[in-house]
Amino acid sequence: MKKKLVVIGNGMAPGRALERLLEAAPDSFDVTIFNAEPRVNYDRIMLSPLLSGEKSFEQIVIHGDGWYVKHGVTLYKGCTVTDIDRAKKTVTSATGITADYDKLIIATGSQPIIIPIPGANLAGVLTYRDLDDVQAMMLAAKARGRAVVIGGGLLGLEAAAGLKEQGMDVTVLHLMPTLMERQLDTTSGHLLQRAIEARGIKVITKANTKAILGAKRVEAVELADGTRLPAEIVIMAVGIRPNSGLAKTAGITVNRGIVVDATMRTSDPDIFALGECAEVEAQVFGLVAPLYEMANVAAAQLAGDETVKFKASATATKLKVTGINLFSAGDFAEGSDREEIVLRDAARGLYKRLILKDGKLIGVVLYGETGDGAWFFDLLKKNAEIKEFRDTLIFGPGYAGGAAQDPMAAVAALPDEAEICGCNGVCKGRITTAIDALGLKTIDDVRAQTKASASCGSCTGLVELLLKSKLGDAYNPAAVQPMCPCTKHGHDDVRRFIVAKGVKSIPDLMQALEWSTSSGCAKCRPALNYYLLSTWPGDYKDDSQSRFINERVHANIQKDGTYSVVPRMWGGMTSAKELRAIADVVEKFNIPAVKCTGGQRIDMLGIKKEDLPAVWADLNKAGMVSGAAYAKGLRTVKTCVGTDWCRFGTQDSTGLGIKLEKFLWGSWTPAKLKLAVSGCPRNCAEATCKDIGVICVDSGYDIHFGGAAGLDIKGTDVLGHVDTEAEAIEVIGALTQLYREQGRYLERIYKWAKRVGHETIRKQTLDDKERRKALYERFVYSQKFSQKDPWAERASEGIDAHEFAPIADLRLEAAE
Amino acid sequence: MTAMSSSWIDIGALAAIPIQGARLVKTPKGCIAVFRTSHDEAYALEDRCPHKDGPLSQGIVHGRSVTCPLHNWVINLETGAAEGADKGQVATVRLKVENGRILLDASGLAAIGKKAEA
Ligand code: SRM
Ligand SMILES: Cc1cc2nc3c(=O)[nH]c(=O)nc-3n(C[C@H](O)[C@H](O)[C@H](O)COP(=O)(O)OP(=O)(O)OC[C@H]3O[C@@H](n4cnc5c(N)ncnc54)[C@H](O)[C@@H]3O)c2cc1C
Ligand code: SF4
Ligand code: FES
């Protein structure tokens, strides 16, 4: 007699299992399926092409009605099983149908996670799981309108692309800084974001959804930062959770999913579980490949073959959005026991990253060109030995095993018409002819004569190869000092490139300039952050994790891990109120040391990090702001007492110092910036050893620059004389801006001036009035975004609160 | 599973640590720094540089390393060993991330604060 097999759920996993079972043991079971969805088995993966209009439902059906008839399978459509009685061996549906079983398969799949925020149950809030969801989305899209997709993972992005195809105005909200962070590394995540945005879909990362607003239906989505995005529909695609409630109620062991062994049996040996609802080897799965593997195992076991067991293997992900090529598989994190091979081809929009461990491939990320994905994935799954062709591995199967390409030979083989410099349209022939005819010897010669590599500089490497191929060993590159071991580019190349190409993020920059590491190092990241910040005021968002701790928490770290706090005392002036506030804070927080600094202000040392926001709050109350004693930015403006009190004073040096400090504070500069204003040539404020100094004289103001009194001692050079205070401020603003635009990270003004020449600086910031004005205006513009007291933001607005509190305190727990 | 679970301590959500950042766990024997890399992995080390006790939690995180804020030693987050020419070792604590929560291995806490006690 045939045994009775009952299946709960009619998704992709049991569909496959039944096919296998009917092949292997066609007559052994009477099969009955209960499906909550009122339809046959279809290819859930293809919902995305369905939504975008590339496929119809008929095209994605796996088993049509005829299949069930042919195999004598009973399918109850639209019948949700609500009860499993293990003693009686029956299941019962909400519609009242009861069926007996000898063997039972639970394949209830997953449930989309709904974030429990206000408004989550409003009409118009959808998930993305089944045909009903897609039909609801397509209906909403008929009215065009606006859609907000919460979740920038695989499903969210596919939903967004589909809705956009349907004519909606779509915004994707993603909690993490980069899209699909579970499958992609940061670089490919950024490339993906650009590609999604290029289709007209808005992407907001680090977006924390606070509520969905609306009276009866969805009207808008509100973010934690107060932003409101109007919307007619909201798609929640933030993840799935195994649908294991039914099994749990029936007393079957459930952890995250329904726990099964390698034969797919649950804690009840007559009951199998498979698909997304099942947990095997402490893992749950959300992609079909492993689920089909489970299906094979369950079918074999039911058919009596007990040797077939489940073994988890690596999974690969592809995003199904037409025109975006993206592939990831395995483990792609970094590590000291791993090597990475990165290939970036900015011109073709390619990014490939392979992760190797012990001479084996363990992870792959491909962006832009994924044709080799299957080949890499195969090597990965087979745990293949790749030592033999490691050097050419990243070029794919086409090169594998072949000889490594010699870049010199490759350049020599280029035809004369091949374009070398895209910015200036210079081809190879022009460069080689110029090298021969004009006897060019250096990259700068080539730049001057042909313009090649004179703009963004990304072709510098190619031009150098051309020089080398022409001159042989006679070519000696005037060693550009690379920024750090992550790149071969020097500081100036990087800056030129940022401006020429309008690059606005660190990952984009690393991609475009073909960084050899995936996330840079402690040397290059702060520099890149500064270059982007100073180039794109208001536009670039500061990356605090790329800053040294002092600039991240706005205090100076001390040798014992405590901090020191130095408030501004504008121009070195203070008052009873400020001094009282300082005294109070010192007592209240038991601050162990108070000192007058060499910069005419007061330093409180030895403050515990947790206390910083409270200390600042008290200082803010007395009107004091951060003195930026930690910043690669404006530090102090020292002054002397000037005409206010001094019998020799010629101008209001204290007043000018205060004006300058109020004008310049908050600005970020390549290295620290210190000023001083003295009221007469006796120079009590020591203005002639500062980055910028002013010596007041009867006829006006002598402006000095390029002094130092630290590691090097150097007197200033005179920039020139101006007659009025207003002019002095304009010239100093222009000088600061030129330094901001040209100085290399950590290069003080005196070193910058030595490198570019005092005369050119003088011309641009003093003599050429138009240039001077333009520089000044750029500085004023950038100050609009930088003059916000970082202490106040942290003391009262809760910015970066995570910095000042431990994530956990186990001191009490452990004592119990 | 249950037999093991008592030795794992839930210290908070991975998302509560900034990417390429760190946060502290205070313990009776000193602080542990829990790091999060750009690839969303977490590591826990004693918050004390092998050079001169610098607070590693305050450093810049890059790849699977952190650069100490005091004198720029680079410490490997996985092994706790100093990289490059520097020689030194900081205690590591095992952890795992499950459902977005960070679980610290309680038995590993014993290794913390050893240097000071010795
Ligand atoms: C507090 C103070 C010493 C004092 O007690 O007076 C001080 C303290 C430090 N100085 Fe200074 N410098 C202080 C005035 C100076 C001066 C005098 C001045 O500004 O008139 C100089 C010489 C002038 C100059 O800069 O050319 C000075 C030249 C340096 C240098 C050498 C810079 C150079 O380019 O040669 C460093 C090292 C560096 O920046 O890399 C430095 C670095 C430091 C650091 C930041 C060391 C560090 O990285 O941790 C010290 C921080 C201590 C702290 O946590 O507060 N400090 N330092 C002074 C704070 C001034 C202020 O109110 O902001
Ligand atoms: C839009 C979309 C795109 C995807 N793209 C990909 C992709 O590109 N690659 C990939 O590998 N995977 C992809 N997936 C994931 C893949 O579709 C799933 O992993 C797979 O379909 C899961 O199969 P399953 O049989 O476990 O569950 P499901 O296919 O979810 O089937 C479960 C079924 O059980 C029914 N059910 C639940 N409870 C009961 C009950 N009590 N009684 C009766 N019936 C019940 C449900 O209604 C449902 O029909 C995608 C998923 C979606 C939603
Ligand atoms: S002189 Fe040296 S020791 Fe003194 S504060 Fe400056 S950096 Fe520190
Ligand atoms: S204490 Fe860490 S490098 Fe010196």
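Residues numbered from 1 in each chain as written. Chains lettered and ligands numbered in written order. Predicted model: local features only at pLDDT ≥ 70, side-chain atom pairs only at ≥ 80, totals over all residues. Heavy atoms only, no water.

Some words on the overall build of chain A
We count it as follows: Strands are runs of DSSP state E lasting at least 2 residues, helices are runs of H or I lasting at least 4, and numbering of each runs from the N terminus. The contact rule is simple, with two residues in contact once any of their heavy atoms fall within 4.5 Å. Here, Shrake-Rupley sampling with a 1.4 Å probe gives the accessible areas, and only protein chains in the shown set may cover a residue.
Along the backbone of chain A there are 29 helices and 41 strands. Of the contacts made within chain A by residues no fewer than 6 positions apart, 61% connect residues no fewer than 24 positions apart. Accessible surface, chain A as shown: approximately 35300 Å² in total, 52% of it carbon and sulfur.

Digging into the overall build of chain B
Put simply, the rule is: Burial status follows relative accessibility: with a 1.4 Å probe on protein chains alone, a residue under 20% of its type maximum counts as buried, one over 50% as exposed, and anything between as partly exposed.
When you go through chain B residue by residue, the secondary structure sums to 2 helices and 10 strands. Looking at chain B residue by residue over its 118 residues, the buried ones come to 55%. Here the contacts in chain B between residues at least 6 apart in sequence split such that 39% fall between residues at least 24 apart. With the model as given, the accessible surface of chain B reaches about 4800 Å², and the carbon-plus-sulfur share is 54%.

Side note on the sheet that holds strand 7 (residues 90–93) of chain A
Residue and element names in this part refer to chain A. Selection criterion: In short, DSSP must find at least two bridges between two strands for them to pair. For helices, the fitted axis covers only the stretch in contact; all axes are lines through C-alpha atoms, and the angles between them, taken along N-to-C directions, range from 0 to 180 degrees.
The strand order 6-7-8 describes an open sheet built from 3 strands, whose pairing is antiparallel. The open sheet has two edge strands with one neighbour each: strand 6 (81–85) and strand 8 (98–100). Looking at each pair of strands side by side, their axes are set apart by 20° on average, direction ignored. Where strand 7 meets strand 8, 3 bridges bridge the pair, whose relative direction is antiparallel. For Thr 92, the partnering residue across the bridge sits in strand 8 and is Thr 98.

Points about the site of ligand 1
All names here are of chain A. Basically, it comes down to this: One heavy atom within 4 Å of a molecule or strand is enough for the residue carrying it to be called near that molecule or strand. Contacts described as polar in this section are N or O atom pairs within 3.5 Å, which, within protein, must combine one atom able to donate a hydrogen with one able to accept it, while residues neighboring in sequence count only if both atoms come from side chains. Where each domain begins and ends follows an automated or database-derived domain assignment.
Around ligand 1 there are 20 residues in total, and Gln 558, Thr 597, Gly 598, Arg 601 and Lys 672 lie nearest to it. A distance of 2.9 Å separates an oxygen atom of ligand 1 from a polar side-chain atom of Arg 748. Built from parts of two domains, the shell around ligand 1 gets at least three residues from each of domain 4 (550–621) and domain 5 (634–783).

Thoughts on the nonpolar core
Residue and element names in this part refer to chain A. The test is simple: Side-chain atoms within 4.5 Å link the members of a nonpolar core, which is a set of buried Ala, Val, Leu, Ile, Met, Phe, Trp, Tyr and Cys residues.
Ranked by internal contacts, the top residues of the largest apolar core, which has 53 residues, are Leu 5, Ile 84, Val 91, Leu 104, Ile 106, Met 264 and Met 294. The leading source of residues in this core is helix 9 (residues 288–302), at 7 residues. Dropping the residues within four chain positions of it, Ile 84 is found in contact with Ile 8, Thr 90, Val 91, Tyr 101, Leu 104, Ile 106, Leu 246 and Ala 250. Among the nonpolar cores identified, the runner-up in size contains 52 residues, and Cys 484, Met 510, Ile 591 and Val 615 belong to it.

Focus on the side chain of A:Gln783
Residues and elements named next belong to chain A. Of note, Gln 783 is situated in helix 27 (residues 769–786). Given the relative accessible area of 5%, Gln 783 is considered buried. Polar contacts involving the side chain of Gln 783 include one to the side chain of Ser 786, which spans 2.7 Å. Apart from the residues lying within four places of it in its own chain, the contact partners of Gln 783 are Phe 663, Leu 664, Trp 665, Gly 666 and Ser 667.

Examining the interface of chain A and chain B
Filter applied, for reference: Two parts placed together each lose some accessible area; with a 1.4 Å probe, that loss summed over both constitutes the buried area. What counts as a salt bridge is simple: a side-chain nitrogen of Lys or Arg found within 4 Å of a carboxyl oxygen of Asp or Glu.
On the chain B side, the residues contacting the 45 residues of chain A number 37 residues. Interface area for chain A against chain B, summed over the two sides, is near 3300 Å², with a carbon-plus-sulfur share of 58%. Along the contact surface separating chain A from chain B lie 1 salt bridge. Here B:Lys26 and A:Glu610 are joined by a salt bridge, their closest N and O atoms 2.7 Å apart. Summed over the shared surface of chain A and chain B, the number is 16 residue pairs in polar contact (both at pLDDT 80 or more).

Remarks on the confidence of the model for chain B
Residues and elements named next belong to chain B. Heads up, the condition is: Every residue is assigned a pLDDT by the predictor, reflecting its confidence on a scale from 0 to 100.
Looking at chain B, pLDDT values average 88 and 91% of them are 70 or higher. When the elements of chain B are averaged for pLDDT, helix 1 (residues 2–5) gives the smallest value, 42, and strand 4 (residues 42–46) the largest, 97. The low-confidence segment residues 1–5, where pLDDT is below 50, has 1 contact with residues more than four positions distant or belonging to other chains. Here the prediction assigns the complex a pTM of 0.64, and the interface score ipTM is 0.71.

Regarding unusual backbone geometry
Residue and element names in this part refer to chain A. For Met 264, which is not a glycine, the phi torsion comes out positive at approximately 75°. With respect to the secondary-structure elements, Met 264 resides in the loop between strand 20 (258–260) and strand 21 (271–273). The phi dihedral of His 554 falls on the positive side, at around 60°, and the residue is not glycine. Its location among the elements puts His 554 in the loop between helix 19 (549–553) and strand 30 (556–557).

Comments concerning helix 1 (residues 12–24) of chain A
Residue and element names in this part refer to chain A. Heads up, the condition is: In a helix, the anticipated span is given by 1.5 Å times the number of residues less one.
Counted at 1.5 Å a residue, the expected span for helix 1 with its 13 residues is 18 Å, and the 19 Å between its end C-alpha atoms agrees. Listing the buried residues of helix 1 in full gives Met 12, Ala 13, Pro 14, Gly 15, Ala 17, Leu 18, Leu 21 and Leu 22. Of the surrounding secondary structure, the elements contacted by the buried residues of helix 1 are strand 1 (3–8), strand 2 (29–35), strand 3 (41–42), strand 4 (61–63), helix 4 (65–70) and helix 9.

Things to note about the environment of A:Leu746
Residue and element names in this part refer to chain A. Mapping Leu 746 onto the fold places it in the loop between helix 24 (725–742) and helix 25 (749–756). Sequence separation of Leu 746 and Pro 526 is 220 residues, and the distance between their C-alpha atoms is 9.9 Å. With near-sequence residues (within four places) excluded, Leu 746 lies in contact with Lys 632, Pro 670 and Ala 671.

Looking at the packing of aromatic side chains
Residues and elements named next belong to chain A. Just so we agree on the cut-off: Note on ring pairs: Phe, Tyr and Trp rings are taken, using the six-membered ring of Trp, and paired if centres are within 6.5 Å. Classes follow the plane angle, with under 30 degrees stacked, over 60 edge-to-face and the rest tilted. Put simply, a charge is over a ring when the Lys NZ or the Arg CZ is close to the ring centre, within 6 Å, and near the line of the ring normal, within 35 degrees.
In the structure shown here, the tally under the stated rule is 15 aromatic pairs over all chains. Where Tyr 781 meets Phe 785, the ring centres are 5.1 Å apart and the plane angle is 75°; that geometry is what we call edge-to-face. Taken together, the positions of Tyr 781 and Phe 785, both in helix 27 and 4 residues apart, correspond to about one turn of that helix. The class of Phe 785 is partly exposed, set by a relative accessible area of 43%. Members of the aromatic cluster, joined through ring pairs, are Tyr 530, Tyr 531 and Tyr 745. A cation sits over an aromatic face here: Arg 16 above Tyr 292, 3.8 Å from the ring centre.

Describing the pattern of salt bridges
Two side chains with opposite charge may pair up if their charged atoms get near one another. Residues and elements named next belong to chain A. Counted according to the given criterion, the structure contains 61 salt bridges over all chains. Of the charged contacts, one joins Arg 547 and Glu 551 as a salt bridge, the two residues approaching to 2.4 Å between their closest N and O atoms. With respect to class, Arg 547 is no different from Glu 551; both count as buried. Via salt bridges that share partners, Lys 788, Glu 793, Arg 794, Glu 797 and Asp 800 belong to a single interconnected network.

A look at the pairing of strand 10 (residues 101–105) of chain B
All names here are of chain B. Among the 5 residues in strand 10, 4 count as buried, and that is most of the element. Looking at chain direction, strand 1 (residues 8–13) and strand 10 are connected through 5 bridges and run antiparallel. When the bridges of strand 10 are listed, Ala 13 appears paired with Arg 101. Across 4 bridges, strand 9 (residues 95–98) lies against strand 10 in antiparallel orientation. Bridging from a neighbouring strand, Glu 98 pairs with Arg 101 of strand 10. With antiparallel pairing between neighbouring strands as the criterion, strand 9 and strand 10 make up a hairpin whose turn holds 2 residues, including Asn 99 at a positive phi of roughly 50°.

Observations concerning the sheet that holds strand 8 (residues 92–93) of chain B
Across the sheet, 5 strands lie side by side as 41(A)-2(B)-3(B)-4(B)-8(B); this open sheet has mixed pairing. With one partner strand each, in any of the chains shown, strand 41 (808–809) of chain A together with strand 8 of chain B form the two edges of the open sheet. As defined by bridge partners, strand 3 (residues 30–36) of chain B adjoins strand 4 of chain B across 5 bridges and the pair is classed as antiparallel. Its bridge partner being in strand 4 of chain B, B:Ile32 is matched across the sheet by B:Glu46.

Observations regarding the environment of A:Arg194
All names here are of chain A. With respect to the element layout, Arg 194 can be found in helix 7 (residues 186–198). As a C-alpha pair, Arg 194 and Asp 508 span 314 residues in sequence and 9.5 Å in three-dimensional space. The contacts of Arg 194, once residues within four sequence positions are left out, are Ser 505 and Asp 508.

Thoughts on the packing of helix 13 (residues 428–438) of chain A against helix 15 (residues 460–471) of chain A
All names here are of chain A. Operational definition: Angle categories are assigned with fixed cut-offs, so that under 35 degrees is roughly parallel, over 145 is roughly antiparallel, 65 to 115 is roughly perpendicular, and the rest are oblique. Two helices that cross are described as forming a left-handed crossing if the nearer one is turned anticlockwise from the farther one by less than a right angle, and a right-handed crossing if clockwise. Under the grouping applied here, Gly and all other residues not named as nonpolar or charged are polar, the nonpolar ones being Ala, Val, Leu, Ile, Met, Phe, Trp, Tyr, Cys and Pro and the charged ones Asp, Glu, Lys and Arg.
Relative to each other, helix 13 and helix 15 sit at 45°, their axes nearing to 10 Å. Taken together, helix 13 and helix 15 sit at an angle that is classed as oblique. For the crossing formed where helix 13 meets helix 15, the hand is right-handed. Here Lys 428, Ile 431, Thr 432, Ile 435 and Asp 436 of helix 13 come into contact with helix 15, specifically with Val 463, Leu 466, Leu 467, Lys 470 and Leu 471. Class assignment for the residues of the contact of helix 13 with helix 15 results in 6 nonpolar, 1 polar and 3 charged.

Focus: helix 26 (residues 758–767) of chain A
Among the residues making up helix 26 of chain A, those that are buried are A:Ile761, A:Arg762, A:Gln764, A:Thr765 and A:Leu766. Buried residues along helix 26 of chain A sit in contact with strand 37 (700–705), strand 40 (717–722), helix 24, helix 25 and helix 27 of chain A.

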